[in-house]
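# Chains, contacts and geometry: an overview
So the chains spell out like this:
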Amino acid sequence: MNVQPSTPPLTVGARLRTQLRIVPVAIVVVGFLAAFLNPIQPVSDSRVSPTNPVLLLKLLGAASAWGIGLWGVLRSATMRQMLGRIPAITLLCLAGVFILAGIVSPSDSRTISVAAALILLGYLLFILATLSTIGFENFARVLLLGLAVYLFLAWGVFLLWPSFGQFHEYVDATTTVARMGGVSHPNAIAHEASTAILIALAFWRGNNCDDANRRSFYWLCTIAIVLAAVTLLATISRTAMLATAAAAVMLFFDKLYSRLGAVLAVGIAIVGLGFVGVVGLTSTDATLESLAGRVTKSGDVEELTSFTGRTDIWQEAIGWISQRPLVGYGMDSAASVMSSEAVGTHNLLLHVIFSGGIVAGALMLVLLLATLVIAFSSHQPLLRGIATYVLVSGLVEDTLLPSFPCALTLLWAAILMATQRVQSPPSQAVNSARIGR
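Thresholds applied
- Residues numbered from 1 in each chain as written.
- Predicted model: local features only at pLDDT ≥ 70, side-chain atom pairs only at ≥ 80, totals over all residues.
- Heavy atoms only, no water.
- Helix = DSSP H or I, 4+ residues; strand = E, 2+ residues; numbered from the N terminus.
- Buried < 20%, exposed > 50% of the residue type's maximum accessible area, 1.4 Å probe, protein only.
- Phe/Tyr/Trp six-rings, centres within 6.5 Å; stacked < 30°, edge-to-face > 60°.
- Lys NZ or Arg CZ within 6 Å of the ring centre and 35° of its normal.
- Axes fitted to C-alpha atoms, helices over the stretch in contact; angles between N-to-C directions.
- Parallel < 35°, antiparallel > 145°, perpendicular 65-115°, else oblique.
- Contact = heavy atoms within 4.5 Å.
- Nonpolar A, V, L, I, M, F, W, Y, C, P; charged D, E, K, R; others polar.
- Core = buried A, V, L, I, M, F, W, Y, C linked by side-chain atoms within 4.5 Å.
- Left-handed = near helix turned anticlockwise from the far one by under 90°.
- Patch = residues over 30% accessible without salt bridge, like charges linked within 9 Å, V, L, I, M, F, W, Y side chains within 5 Å.
- Areas by Shrake-Rupley, 256 points an atom, 1.4 Å probe, with all protein chains shown as cover.
- Salt bridge = Lys/Arg side-chain N within 4 Å of Asp/Glu carboxyl O.

## A look at the environment of Ala370
Summarising the element assignment, Ala370 is placed in helix α17 (residues 348-377). According to the relative accessible area criterion, Ala370 is partly exposed, its value standing at 31%.

See the structure below:
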């Protein structure tokens, strides 16, 4: 009688790796926390508070992202393959330029700048590990869940603590407009709401409701869309509304009459931003005054012609950039360097050049061109939507690359680094290339 050798018992580490799958669970937790916690940044005169529990949780999340990213470099052949592609190399080089810019930045913002650049690098590695472990679709689901919880928190603060949850914006010397704030600046909340709308729309349009699970997810996406849409209205962020509308058109372009119609619609949205300024500069008609009263917060034509003061902010940003064109001032430095009225550059390309100099600007220009290609050629609805939103919103907002990457930045980097992995063959573009199916 032959006796088979007994199998040695699994060690604790081996049991955890084979049965609990710690890494995928950790990726889901870190992704959720990034979408939920990273956008929380109440408007305050203080840049950093070391005793802030939310900040400590953000830093813990960033450290965890670094750990997961390094694990992926060591253990995932798929991630190492993705690291060798041009989009990933360009993004990592951009983070490297930001690190160098932070090291040589002015002393009053150096620590914040270097920390923000290192956090960005860690999250880029985390995204690569995520794509090679749980995939793009599951990553988008995790971010949507985190965004939904964030928006519920924003509404809770807004409704239950109005003295803190309302952001009163001065439109002239005596008049203010109440906007949803509290957890962050209204424009930042609007970006998160827009991202949630686009993710939910992509899943919603790809859900055929052929079983109970799909029907449940369909209704969850519907609730998320309604919640985010109401949030957009409460923040009174017209830029986010316009960018979301343009992105939604591109997300559904294959449902429209033709691709050309969608391209024209998005082109009209982009040109519309410039049209406002041109009309304001060439017309003094009473009709313009009447129109301004309907579409502006103050009723003043100058609010339209200056893009709500952005032209002055752009001039200030360009002035600061001209003093340090090669290295910039480091990430998250605009609030320390620029005037209190400006806070940021309010343009994505200026934001990157201000932070890292002309080299960073050149790298960002390459990434934006790649984003443009995705917006008009991708067969995946979510990729088209996110790319379009970044391009339109980036004209008049910083949009991407905050000190702690939020869901929009994470998704944008993911679509650049994983386009080939989530693209479907052109012949199946309309019928089968749907996020969520």
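## Topic: the packing of aromatic side chains
Enumeration over the complete set of coordinates arrives at seven aromatic pairs. Aromatic pair Trp155 and Phe158: ring centres 5.6 Å apart, planes at 85°, arrangement edge-to-face. On the criterion of helical spacing, the pair formed by Trp155 and Phe158 is a turn pair, its members being three residues apart in helix α7 (residues 135-160). Neither Trp155 nor Phe158 differs from the other in exposure class; each is buried. Taking 6.0 Å as the distance between ring centres and 85° as the angle between the ring planes, the aromatic pair formed by Trp320 and Tyr329 counts as edge-to-face. Linked through ring pairs, Tyr123, Phe126 and Phe139 together constitute an aromatic cluster. For Arg324, the ring lying beneath its charged end belongs to Tyr329, and the centroid distance is 5.4 Å.

## Observations concerning the packing of helix α9 (residues 186-205) against helix α19 (residues 407-417)
It is the contact of α9 with α19, at a shortest axis distance of 9 Å, that shows an interaxial angle of 45°. The angle between the axes of α9 and α19 places the two elements in the oblique class. Touching Glu192, Thr195 and Ile199 of α9 are Ala407, Leu408 and Leu411, all from α19. Among the residues making up the contact of α9 with α19, the classes are represented as four nonpolar, one polar and one charged.

## Describing unusual backbone geometry
Glycine aside, residues mostly have negative phi angles, and peptide bonds mostly take the trans form. Not every positive phi belongs to a glycine, and His346 is a case in point at roughly 60°. The phi angle at Thr399 is positive, at roughly 65°, despite the residue not being glycine. Within the element layout of this structure, Thr399 appears in the loop between α18 (381-393) and α19. The exposure class of Thr399 is buried, given its relative accessible area of 12%.

## A short note on the nonpolar core
In terms of nonpolar packing, the biggest core is built from 106 residues, with Leu94, Phe98, Tyr123, Phe126, Ile199 and Met364 touching the most fellow members. Take this core: its biggest share by element is 13 residues, from helix α6 (residues 110-133). With residues near it in sequence (within four places) discarded, Leu94 still touches Val352, Ala360, Leu363, Met364, Leu367 and Leu401. Within the second largest apolar cluster, 13 residues are counted, among which are Ala317, Val337, Met338 and Val396.

## As for the packing of helix α5 (residues 86-103) against α6
Closest axis-to-axis distance for the α5/α6 pair is 7 Å, and the angle between their directions is 165°. Taken together, the axes of α5 and α6 are roughly antiparallel relative to one another. Judged by the twist between their axes, the crossing of α5 over α6 is left-handed. Contacts from Ala88, Leu91, Leu92, Ala95, Phe98, Ile99, Gly102 and Ile103 in α5 reach Arg110, Ser113, Val114, Ala117, Leu118, Leu120, Leu121, Leu124, Leu125 and Leu128 in α6. Looking at side-chain class alone, the contact of α5 with α6 contains 15 nonpolar, two polar and one charged residues.

## Quick notes on the environment of Leu92
For Leu92, the location among the structural elements is in helix α5. Taking the C-alpha atoms as reference points, Leu92 and Leu124, separated by 32 residues in sequence, lie 7.3 Å from one another. Contacts of Leu92, omitting those with residues within four sequence positions, involve Leu83, Leu121, Leu124 and Leu125.

## Topic: a nonpolar patch on the surface
On the surface, Leu100, Ile103, Val104, Leu326, Val327, Ile358 and Val359 cluster together to form a nonpolar patch covering roughly 630 Å² of accessible area. Of all the elements in the fold, those that place two or more residues in the nonpolar patch are α5 and α17. Tracing the sequence through the fold places Ile358 in helix α17. When its relative accessible area of 45% is taken as the criterion, Ile358 is described as partly exposed.

## Observations concerning the side chain of Thr130
Among the secondary structure elements, Thr130 is positioned in helix α6. For Thr130, a relative accessible area of 0% puts it in the buried group.

## A short note on the pattern of salt bridges
Two side chains that carry opposite charge are able to pair once their charged atoms sit near each other. Per the stated rule, a full pass over the model turns up one salt bridge. For the salt bridge of Arg141 with Glu137, the shortest nitrogen-to-oxygen distance reads 3.0 Å. You can see Arg141 and its partner Glu137 sitting in helix α7, four residues apart, about one turn around the helix. On the basis of relative accessible area, Arg141 is assigned to the partly exposed category, the value being 27%.

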